[in-house]
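Letter by letter, the chains look like this.
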Amino acid sequence: QVQLAESGGGLVQAGGSLRLSCLASGRVFRVRRMAWYRQLPGKQRDLVASQLSDGTITYGDSVEDRFTISRDNAKNTVYLQMNNLKPEDTAVYYCTAIINTITYWGQGTQVTVSS
């Protein structure tokens, strides 16, 4: 079976940084896409950033050039470097990946930014 394991969430003060990680494990033969989404309290789940296996990157409009997505294809791991965090970034962050031909989701990790 395939699983996504997230780490790196937590509590940080405004202006601080966090680095989220997501590892895909199991019978992983081809990772076509890995991405980060977030869901603010009472809001819809929105794209933060995505990266295809060829390196193509897409960022959501809400990021405002503060976040950077990267991946290590050999490790089947995707990262989200979040800098200059604001209280408005407080949300549950979800990792998702298209592995082989199926879309998987992680369980989510809480990011809380205090003022």
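Residues numbered from 1 in each chain as written. Predicted model: local features only at pLDDT ≥ 70, side-chain atom pairs only at ≥ 80, totals over all residues. Heavy atoms only, no water.

Q: Describe in detail the nonpolar core, supporting the description with residues and values.
A: Trp36, Leu80, Met82 and Tyr93 are the most contacted members of the largest nonpolar core, which totals 27 residues. Sorting the residues of this core by element identifies β3 (18–25), β4 (31–39), β5 (45–52), β7 (67–72), β8 (77–82), β9 (91–99) and β11 (109–114) as the ones contributing at least two each. In terms of residue count, β9 provides more of this core than any other element does, five residues in total. Other than its neighbours up to four places away in sequence, Tyr93 contacts Glu6, Leu20, Tyr37, Arg38, Val48, Phe67, Leu80, Met82, Gly108, Thr109 and Val111. (Core = buried A, V, L, I, M, F, W, Y, C linked by side-chain atoms within 4.5 Å. Buried < 20%, exposed > 50% of the residue type's maximum accessible area, 1.4 Å probe, protein only. Helix = DSSP H or I, 4+ residues; strand = E, 2+ residues; numbered from the N terminus. Contact = heavy atoms within 4.5 Å.)

Q: A description of the packing of aromatic side chains should follow, citing residues and the corresponding values.
A: Applying the stated rule across the entire model yields two aromatic pairs. Each member of the aromatic cluster is reached from another via a ring pair, and the members are Tyr37, Tyr94 and Trp105. Here Arg19 stacks its cationic end above the ring of Tyr79, 4.0 Å away from the centre of that ring. One residue, Arg45, lies across the ring of Trp105, its end atom 4.8 Å from the ring centre. (Phe/Tyr/Trp six-rings, centres within 6.5 Å; stacked < 30°, edge-to-face > 60°. Lys NZ or Arg CZ within 6 Å of the ring centre and 35° of its normal.)

Q: Outline the state of the cysteines, supporting the account with residue identities and numerical values.
A: Counted according to the given criterion, the structure contains one disulfide. Each sulfur of the disulfide joining Cys22 and Cys95 lies 2.1 Å from the other. Across the S-S bond of Cys22 and Cys95 the torsion is about -80 degrees, and the bridge reads as left-handed. One end of the pair, Cys22, is in strand β3; the other, Cys95, is in strand β9, with 73 residues separating them in the sequence. For Cys95, a relative accessible area of 0% gives the class buried. (Disulfide = S-S within 2.5 Å.)

Q: Lay out the pattern of salt bridges with the relevant residues and their values.
A: Evaluated as defined, the whole model comprises two salt bridges. The partner of Asp89 in a salt bridge is Arg66, with the nearest N and O atoms 2.8 Å apart. Placement of the pair is Asp89 in the loop between β8 and β9 and Arg66 in the loop between β6 (57–59) and β7, with a sequence separation of 23 residues. On the basis of relative accessibility, which here comes to 1%, the residue Asp89 falls in the buried class. For Arg66, a relative accessible area of 10% gives the class buried. Each of Arg38, Arg66 and Asp89 takes part in salt bridges that share partners, so that together they form one network. (Salt bridge = Lys/Arg side-chain N within 4 Å of Asp/Glu carboxyl O.)

Worth remembering: the numbers are spatial, not functional.
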